[in-house]
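Coordinates in review
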Amino acid sequence: MRIVVIGSGFGGISAALRCLSAGNEVIILEKLDKPGGRAYYFEKDGFIFDAGPTVITAPWLFDEIFEKFGKKSSDYFTLKKLETFYKIFFDDGKEFNYNGVKQDILSEIRKFNPGDVEGYLKFFETTEKIFTAGFKLIAHPFGKFSDMLKILPDLIRLRSDKSVYKYVSGYIKNEYLRKVFSFHPLLIGGNPYNTTSIYTLIHYLEQKWGVWYVQGGTNKAVLGMLKLFRENNGILNLNSEVSEILVKKENGKPKVKGVKLTSGKIIDADVVISNADVAFTYKKYIKPVYRKKYTDRKIDSFKYSMSLFVIYFGTKIKYNHLPHHSIILGKTYKELLKDIFTNYKLSDDFSLYLHRPTASDDSVAPPGNDCFYVLSPVPNLKSGINWNEKGEVYKNLILDYLEKKYMPGLRKNIVTEFYVTPEYFLNKLNSCLGTAFAIEPILFQSAWMRPHNESEDIKNLFLVGAGTHPGAGLPGVISSAKIVEKLIRNI
Ligand SMILES: Cc1cc2nc3c(=O)[nH]c(=O)nc-3n(C[C@H](O)[C@H](O)[C@H](O)COP(=O)(O)OP(=O)(O)OC[C@H]3O[C@@H](n4cnc5c(N)ncnc54)[C@H](O)[C@@H]3O)c2cc1C
């Protein structure tokens, strides 16, 4: 079959490779000048900035794809396990070093509250069960309601109705520690106070298999996967934005027949896999007459995740006291998250993730320099915030805060900087409401209740990536490609 994949995010590339390995002709059409989507990269003044994902977990998911071609991912890019996973900084100066060594985790817990050691150990034991059930769920298509019914007993038994924060709080009393063991949903666009406790599986995933870094940046994994794609005659067309998914009627039912680009060019296809935003896919690229389920109303009724404000910067000195990944929590964590996810309000406070790849890899900055990005979760564009006005002010607030508390002399040592706002996610990445993580990962928008990987409206249209099942984050989107491959084999 000829399969067209719209978009070259990790989900799109993984699906393209899997379909190629099954003997299809595969063409990826990417809007931008470089591949990767959220995992795009910027080169500026001798620095290489990964635009998005930096924390790599579940590395075997890459290998499963390379093995289909008789290769290993290590032939194409190098994964390095980090010793310190994250350092979590609290506003009052307290710190928690989070790594994969049980004894170290326990001694960090003792620093805050020795009484919580026992509770943590019990919590950890339960995360193994959640992981086992959760990973089954992640690799399953959920096209039918009966699929959902089958997992209901597991969901009830594992208390998936509780939020990650509430679940952790059932085992751990200390407020600082509760935050340490519940912040993970933020990495995939979820509010720890609302995201289903299934996501505690991330803690188990990290503890069991580690946190990894791609040497040279995550973009090297994108380029490595595309090298494999090209070696096997896959076609990647950059600067090729799809404006319409073309549909014909076969036996009275709509079926894909190809895509149309903004240039007017038409490419015929037997199957279309959309790695573009789910809301854009249905609302903008498919005529309403072909959409019974995914009407504009249905698409608008989803709750969309937060967005991000990201500052990329390089310094002419090194901040060696900072690890590769820092989580910097502000004064008003819970209220801040409410402002972001519920009130759609830009708060004066912020919680940050600071990425310093030069802690592990000198190749991404000129000699003696440090490479960074700092991201601040912000409301999506439902907020109505005018980022043209606010952007510069917000950037200065963050850099001043970093300079005052964590990075002395920062402003005078910055040699290059730029930032992106929710407008970047809307305009560059075609993401509805400028969200960074698509549809929010709450229980009622998970599994069968999330947009399905196989379209119910249009035959031979499949969806892969953050907005479909199982959801955002590299393990999620790479798993969605696995599901799509299975579904396509059955058509
Ligand atoms: C700043 C940031 C940090 C993150 N950190 C992590 C992390 O550390 N670890 C982790 O696991 N996850 C992380 N995530 C989440 C993760 O990056 C995403 O969930 C994942 O990369 C999304 O992949 P995707 O397959 O959905 O495609 P996307 O990356 O969303 O790519 C979609 C592609 O489709 C293209 N496209 C859209 N419309 C069209 C069209 N009409 N025609 C042609 N092409 C089109 C876009 O240009 C884009 O290239 C982060 C996200 C962000 C934004």
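Refer to the preceding data block for the structure.
Just so you know, these numbers come straight off a predicted model, no measurement behind them. (Residues numbered from 1 in each chain as written. Predicted model: local features only at pLDDT ≥ 70, side-chain atom pairs only at ≥ 80, totals over all residues.)

This part covers the site of the ligand. In the vicinity of the ligand there are 37 residues, among which Gly7, Gly9, Gly11, Gly37 and Gly465 approach most closely. If you list the elements that add at least two residues to the shell around the ligand, you get α1 (10–21), β14 (307–315) and α16 (474–489). Looking at the shell around the ligand, the element that brings in the most residues is α1, giving 3 residues. Tallied by class, residues from the shell around the ligand come to 21 nonpolar, 12 polar and 4 charged. (Near = placed C-beta within 6 Å. Helix = DSSP H or I, 4+ residues; strand = E, 2+ residues; numbered from the N terminus. Nonpolar A, V, L, I, M, F, W, Y, C, P; charged D, E, K, R; others polar.)

Pairing is parallel in the open sheet, where 5 strands are placed in the order β9-β2-β1-β13-β19. The sheet is open, and its two edges are formed by β9 (235–237) and β19 (461–463), each paired on a single side. Strand after strand, the sheet turns through a mean of 20° between neighbouring axes, direction not considered. Taken together, the 4 bridges between strand β1 (residues 2–6) and strand β13 (residues 271–274) define a ladder with parallel strand orientation. In the sheet register, Ile6 faces β13, and the bridge partner there is Ser274. (Pairing = 2+ DSSP bridges. Axes fitted to C-alpha atoms, helices over the stretch in contact; angles between N-to-C directions.)

Once that is clear, we can look at the environment of Pro59. Tracing the backbone shows Pro59 in the loop between β4 (47–50) and α2 (60–67). The exposure class of Pro59 is partly exposed, given the 19 C-beta atoms found within 10 Å. Residues Pro59 and Leu474 lie 415 residues apart in sequence; the distance between their C-alpha atoms is 9.7 Å. (Buried ≥ 20, exposed ≤ 12 C-beta atoms within 10 Å, placed from the backbone.)

Among the nonpolar cores identified, the biggest contains 143 residues, and Val5, Ala16, Val272, Ile273 and Val310 are the most heavily contacted of them. With residues up to four places along the chain from it excluded, the contact list for Val272 reads Val4, Ile6, Ile245, Val256, Val259, Asn460 and Leu461. (Core = buried A, V, L, I, M, F, W, Y, C linked by C-beta atoms within 7 Å. Contact = placed C-beta atoms within 7 Å.)

Among all positions of helix α12 (residues 333–343), only Leu336, Leu337, Asp339, Ile340 and Phe341 are buried. In an axial view of α12, the angular spread of the buried residues amounts to 165°, which keeps them on one side of the axis. Next to the buried residues of α12 lie β17 (370–378). Looking one or two residues past α12, Tyr344 carries a phi angle of roughly 50°, positive in sign. (Arc of directions from axis to C-beta.)

In this model, His469 is joined to Pro470 through a cis peptide bond whose omega is 0°. With respect to the element layout, Pro470 can be found in the loop between β19 and α16. Positive phi, close to 50°, is recorded for Ala58, a residue that is not glycine. By the element assignment, Ala58 lies in the loop between β4 and α2. A positive phi is found at Asn430, a non-glycine position, where the angle reads about 55°. With respect to the helices, strands and loops of the structure, Asn430 is situated in the loop between α15 (422–427) and β19. The buried category is assigned to Asn430, around which 21 C-beta atoms lie within 10 Å.

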